[in-house]
Amino acid sequence: MASLKEDPILGIDGIIIKEEFEIAKPVIDKLREDRPALETEGTVIKGESVIDKVIEEGSGGQGERDMVPPTSTSIHRSGSRPQLDLSKAAIEGNFEERDPTILLPNQSDDISHLALDIGGSLIKLVYFSRHQDRPTNDKRKKTVKERLGISNGNRRSYPILGGRLHFVKFETSKINECLDFISSKQLHRGGVDSHSWHSDTSSNGNAVIKKATGGGAYKYADLLKERLGVSLDKEDEMDCLVAGANFLLKAIRHEAFTHMEGQKEFVQIDQNDMFPYLLVNIGSGVSMIKVDGDGKFERVSGTNVGGGTYWGLGRLLTKCKSFDELLELSQKGDNGTIDMLVGDIYGGMDYNKIGLSASTIASSFGKAISEKKELTNYRPEDISLSLLRMISYNIGQISYLNALRFGLKRIFFGGFFIRGHAYTMDTISFAVHFWSKGEAQAMFLRHEGFLGALGAFMSYEKHGLDDLMVHQLVERFPMGAPYTGGKIHGPPLGDLNEKASAISWMEKFVQKGTEITAPVPMASSGTTGLGGFEVPSSKGGTLRSDASALNVGVLHLVPTLEVFPQLADPKMYEPNTIDLADHSELEYWFTVLSDHLPDLVDKAVASEGGTDDSKRRGDAFAHAFSAHLARLMEEPAAYGKLGLANLLELREECLREFQFVDAYRSIKQRENEASLAVLPDLLVELDSMTEETRLLTLIEGVLAANIFDWGSRACVELYHKGTIIEIYRMSRNKMQRPWRVDDFDAFKERMLGSGDKKPCPHKRALLFVDNSGADVILGMLPLARELLRHGTEVVLVANSLPALNDVTAMELPDIVAEAAKHCDILRRAAEAGGLLVDAMINTSDGSKDNSSSVPLMVVENGCGSPCIDLRQVSSELAAAAKDADLIVLEGMGRALHTNFNARFKCEALKLAMVKNQRLAEKLIEGNLYDCVCRYEPAS
Ligand SMILES: CC(C)(COP(=O)(O)O)[C@@H](O)C(=O)NCCC(=O)O
Ligand SMILES: [Mn+2]
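Residues numbered from 1 in each chain as written. Chains lettered and ligands numbered in written order. Predicted model: local features only at pLDDT ≥ 70, side-chain atom pairs only at ≥ 80, totals over all residues. Heavy atoms only, no water.

- The protein carries the name Pantothenate kinase 2 in an unreviewed UniProt entry, which gives Populus tomentosa as its organism.
- Listed in UniProt under the heading Pathway (unreviewed entry), the comment for the protein reads: "Cofactor biosynthesis; coenzyme A biosynthesis; CoA from (R)-pantothenate: step 1/5." (UniProt positions renumbered as here; feature names shortened; annotations may be inferred.)

This is the structure we're talking about:
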């Protein structure tokens, strides 16, 4: 790596877009002059304690902690320019490249952009952070791209910037906390003017202009100017709400859901059939907006009886100190003590003629008139529930009437009044359902409170968010998510180790995580089935103490992701085979993952040398992941639709967040070495067989070697009983056909034909490989070799990031190079595929036959999980898939947990050993270690 010299200061990364590049140069020059000051400032800001605060607050920590005040330097400096930390900057790779990548190791969130929605009770922030790309100096990638005809994956070809969208909220009454947060994260400095976020020049001198909406954009304009030097560009509230809602409905798969009788169900919104709809935003007051398209809407109604009414009246009547407290109180309430019910009027009877049950509210607070009771005679719990129902029901009814007025079938409810509260949603849903006789549907939005802020954010031009597609968004729930309770949704722990203060942070996290005890699993919430008109059957059980948990993660915008082009019907595709909406399934997998945790932590800590720091991180990881699990047990749909693949991926993400890059690194190495040592013998044995026997032996080999799976408890227990080669032999010897699912004969016929008829070989096969060691080396590579022998191009598809003991795309070229030393077919194909660019590998027989061969290539799949969601794969894989006519999915994660039911446009072979008894029973009515060989012709 060359150190950064005088000249080529280009921008924050090598693939920066043009406008940014031109602007960035003078900025960086200027920053370079300021470097000493900047670095000092950088330490103050970056080593600061906002995250401590996140945890402290979110975990119910008492006492206000002093926030780092905005330093005077941070105010007087020209705020309109991005501040970059250039310390230790270096050019990565080749100096001659036109846009070399410049690594800024100390720059965490390199550019941030911010929009605010300052409402009567809450301030909502949406901000974007753009992280520098990992430099790729990967020769394999370049060659594969050339071979597959992919233009150099460069941001210039994408309309959208990669980065992350964060959602944060504060109470308006604590606006100073919000300002401190903005200041500490440098959000007031992002180079944004009122028209474009790529510009660092502002339209009025030095003031930075930020988009804002809501009444507070006017009320607090001076304060923001004074404290942060920020001028607010005010965006119309309705415009913002609509833009925010349209964006969410288009771009986020699991955004809208129905909530009836305690059951949450996500609704797939068809982008092409979204309009018209009624948007009901319940803030302090309520707006009802008929939305006909992007920017096409009309505010058709509203009501002054909204969230502010509930909170205001509630506060007066119950003495509650916060909205959430009031809401939580309602959970234990019985509104029948205050509301006049139909039964009260009809002597306990239903009023059947007009379809009203005895428990229907005839008159909210109606009982209070007839009894000689004072306020103190009513329980605050009952008052709160009565109030909540009165207001929710009223909003539901007015919404329905407006939907009826305009013939709208869909009503989306947003705004922070709802707060994911089950009874509120049930009540509104019931009202809509009841009055419309089931014709209209109430739906809720997961980002309910952020419509306005998101819309304000959308009003920055040129960020391309409007063009964003569902598959380019990945929502991740950072470690703080289960703890923060929605107070402040903290950033992920990106640069943990770089900060001295991170240690105390981590300790605090572990400590707090222990103190608060993660939410206790409970039975799913239930109402009486009458949509909130009766007394809740379970009192106090279903609402967590942090009623306002956001349930929104950080949205990662990944413009390079694509839908796998060979999916037969992408709209109908569901990656998960196991639906965790079934509570017994969830409980089972929850236990499996919890039981596996201590061993995983051991491996992770060992992979980092067992240092004190790694032990601390290991502890923190275990806490964070357990909290996520507990949160999901309590509310399985909290993070969107939940499948087993999501849980397994969450675990990997959690490890990465605590900087465990590759927990199974040394195990993988060991197994690779052992397997490579026996590969030559295996190849000789295979070559001595007839074609037919060889094909069977190869498939057996893949199935047998899939036993090397460090994610399966049963397998790990086996490993204590023998060496890997012994286990492999044992596994092979057990390969009795017929397998539990056995389409081998059909596959064989396709490969070898029957009688004299020789079939046409496949043109290109994609082999989705799974585990390191024997699995890939003794299983999949020999199968790849056979396909190559038939004249089929082979693309090995491997993970982009480590997950358990899965092999990664980065690791494969070296493995192939080693294997190629023993095999001419592999060597020539690997050379043709650009895998052996440096080495001129000699085969064991000393030959250097360079006659042309079909290529063997490696592509990354875009995932870092044992499973694969084919709606979001790397552009590299998507390009390779276009000409493929055979897909081989291997392993339990990729072929069973996900994609077992997937249908493809081309032929598919799904191979796996079932290493979990319950799955074996459920999926194939079989047993542990049974095998699946499913061959499916093109659909
Ligand atoms: C994590 C796995 C999907 C990996 O399997 P693979 O894809 O490597 O075949 C699998 O090991 C698994 O489902 N394990 C959890 C269940 C258990 O311990 O039995
Ligand atoms: Mn695996």
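Structure's up, so let's keep going.
## What about the environment of V776?
- If you trace the backbone, V776 turns up in helix α27 (residues 774-789).
- Owing to a relative accessible area of 1%, V776 belongs among the buried residues under this scheme.
- Remark: the alpha-carbon pair of V776 and F708, spanning 68 residues in sequence, is separated by 9.8 Å.
- Each residue touching V776, except ones within four places of it in the same chain, is listed here: V769, N771, L781, P782, V807 and L812. (Helix = DSSP H or I, 4+ residues; strand = E, 2+ residues; numbered from the N terminus. Buried < 20%, exposed > 50% of the residue type's maximum accessible area, 1.4 Å probe, protein only. Contact = heavy atoms within 4.5 Å.)

## Looking at the domain arrangement of the protein
- Under the domain assignment, the protein is made up of domain 1 (258-338 + 378-446) and domain 2 (665-936).
- Using C-alpha coordinates to define each centre, domain 1 is positioned 53 Å away from domain 2. (Domains from an automatic or database assignment.)

## Examining the sheet that holds strand β16 (residues 410-414)
- Reading across the sheet, the seven strands line up as β10-β9-β17-β16-β11-β12-β13 and stay open at both edges, with mixed pairing between neighbours. Every other strand in the sheet has two partners, leaving β10 (263-266) and β13 (296-303) as the edge strands with one partner each. Between one strand and the next, the sheet's axes are offset by a mean angle of 30°, whatever the strand orientation.
- When strand β9 (residues 256-260) meets strand β17 (residues 441-445), the two strands line up antiparallel, connected through two bridges. Bridge pairing links A256 to L445 in β17.
- Packing against the sheet, helix α15 (residues 422-436) makes contact with β9, β11 (277-282), β16 and β17, and its axis sits at approximately 85° to β9. (Pairing = 2+ DSSP bridges. Axes fitted to C-alpha atoms, helices over the stretch in contact; angles between N-to-C directions.)

## Thoughts on the site of ligand 1
- The environment of ligand 1 is formed by 16 residues, the closest being D709, G893, H897, K915 and N916.
- N771 places a polar side-chain atom, nitrogen or oxygen, 3.0 Å from an oxygen atom of ligand 1.
- H897 places a side-chain nitrogen or oxygen 2.6 Å from an oxygen atom of ligand 1.
- Computed on the free molecule, ligand 1 has an accessible area of 480 Å², of which 97% lies beneath the protein chains in the complex.
- Secondary structure elements with two or more residues in the shell around ligand 1: α19 (583-607) and α31 (892-897).
- Counting residues per element, the shell around ligand 1 draws most heavily on α31, at three residues.
- A breakdown of the residues in the shell around ligand 1 according to their chemical character gives four nonpolar, eight polar and four charged. (Near = heavy atom within 4 Å. Polar contact = N/O pair within 3.5 Å; in protein donor to acceptor, adjacent residues only side chain to side chain. Areas by Shrake-Rupley, 256 points an atom, 1.4 Å probe, with all protein chains shown as cover. Nonpolar A, V, L, I, M, F, W, Y, C, P; charged D, E, K, R; others polar.)

## Concerning the coordination of the manganese ion (ligand 2)
- The protein atoms donating to the manganese ion (ligand 2) are D770 (OD), N771 (OD1) and D806 (OD), with metal-donor distances spanning 2.1 Å.
- Read in sequence order, the donor residues for the manganese ion (ligand 2) give the motif D-N-x34-D. Note that D770 is positioned in the loop between β21 (764-768) and α27 and D806 in the loop between β22 (793-798) and α28 (812-820), a separation of 36 residues in sequence.
- You can call D770 buried: its relative accessible area is 4%.
- With a relative accessible area of 2%, D806 lands in the buried category. (Donors = N, O, S within 2.8 Å, 3.2 Å for Na, K, Ca; no water.)

## Remarks on the sheet that holds strand β26 (residues 931-936)
- The seven strands are arranged β20-β26-β25-β24-β21-β22-β23 in an open sheet whose pairing can be described as mixed. The outermost strands of the open sheet, each flanked by one partner alone, are β20 (741-742) and β23 (856-860).
- One ladder, built from four bridges, connects β21 with strand β24 (residues 886-890); its direction is parallel. Considered in β24, the bridge of F768 is made with L889.
- Sitting on the sheet, helix α23 (residues 691-705) touches β24, β25 (907-913) and β26, and the angle it makes with β25 is about 50°.

## Details of a nonpolar patch on the surface
- There is a patch of nonpolar side chains on the surface, built from I345, Y346 and M349 and spanning about 310 Å² of accessible area.
- M349 sits in the exposed class, given a relative accessible area of 52%. (Patch = residues over 30% accessible without salt bridge, like charges linked within 9 Å, V, L, I, M, F, W, Y side chains within 5 Å. Salt bridge = Lys/Arg side-chain N within 4 Å of Asp/Glu carboxyl O.)

## Quick word on helix α32 (residues 917-924)
- Restricting attention to buried positions, one finds in α32 the residues L919, A920 and I924. Buried residues in α32, looked at end-on, bunch into an arc of 100°, giving them a common side.
- At its buried positions, α32 is contacted by α19, β20, α31 and β26.
- With a side-chain oxygen lying 3.1 Å from the backbone nitrogen of R918, the N-terminal cap of α32 falls on N916.
- Residue E925 follows α32 closely and has a positive phi angle near 50°. (Arc of directions from axis to C-beta.)

## Looking at the side chain of Q566
- Its location among the elements puts Q566 in the loop between β19 (554-557) and α19.
- At a separation of 2.9 Å, a polar atom in the side chain of Q566 contacts the main-chain carbonyl oxygen of A881.

## Description of the nonpolar core
- Among the nonpolar cores identified, the biggest contains 144 residues, and F564, F621, I699, L766, F768 and L796 are the most heavily contacted of them.
- No other element matches α27, which puts ten residues into this core.
- With residues near it in sequence (within four places) discarded, F564 still touches L766, F768, L870, V873, L877, A881, I887 and F904.
- One finds F247, I269, F412 and A453 within the second-largest nonpolar core, a separate group that totals 41 residues. (Core = buried A, V, L, I, M, F, W, Y, C linked by side-chain atoms within 4.5 Å.)

## Brief notes about the environment of L187
- Among the structural elements, L187 can be located in the loop between α6 (175-184) and β7 (208-213).
- Taking C-alpha positions, L187 is 33 Å from R871, a pair spaced 684 residues apart along the chain.

## Points about the packing of α19 against helix α20 (residues 612-634)
- Interaxial distance between α19 and α20 falls to 10 Å at its minimum, and their mutual angle equals 175°. Accordingly, the angle class assigned to the pair α19 and α20 is roughly antiparallel. Along the contact surface, α19 presents H583, L586, E587, F590, L593, S594, L597, L600, V601 and V605, while α20 presents S614, K615, G618, F621, A622, F625, S626, L629, A630, L632 and M633.
- Its residues assigned to classes, the contact of α19 with α20 shows 14 nonpolar, five polar and two charged. (Parallel < 35°, antiparallel > 145°, perpendicular 65-115°, else oblique.)

## Regarding α6
- Most of α6 is tucked away, with nine of its ten residues classed as buried.
- Of all the positions in α6, only I175, E177, C178, L179, D180, F181, I182, S183 and S184 are classed as buried.
- In the stretch just after α6, Q186 is the one whose phi turns positive, near 65°.

## Things to note about the pattern of salt bridges
- Evaluated as defined, the whole model comprises 48 salt bridges.
- Between K758 and E691 there is a salt bridge whose closest N-O contact spans 3.8 Å. Here E691 lies in helix α23 and K758 lies in the loop between α26 (744-752) and β21, a separation of 67 residues in the sequence.
- Look at K758 and you get exposed, because its relative accessible area is 61%.
- Of the residues examined, E691 reaches a relative accessible area of 34% and is grouped as partly exposed.
- Across the salt bridge formed by R789 and E786, the nearest N and O atoms sit 3.3 Å from each other. Residue R789 and its partner E786 are located together in helix α27, separated by three residues, close to a single helical turn.

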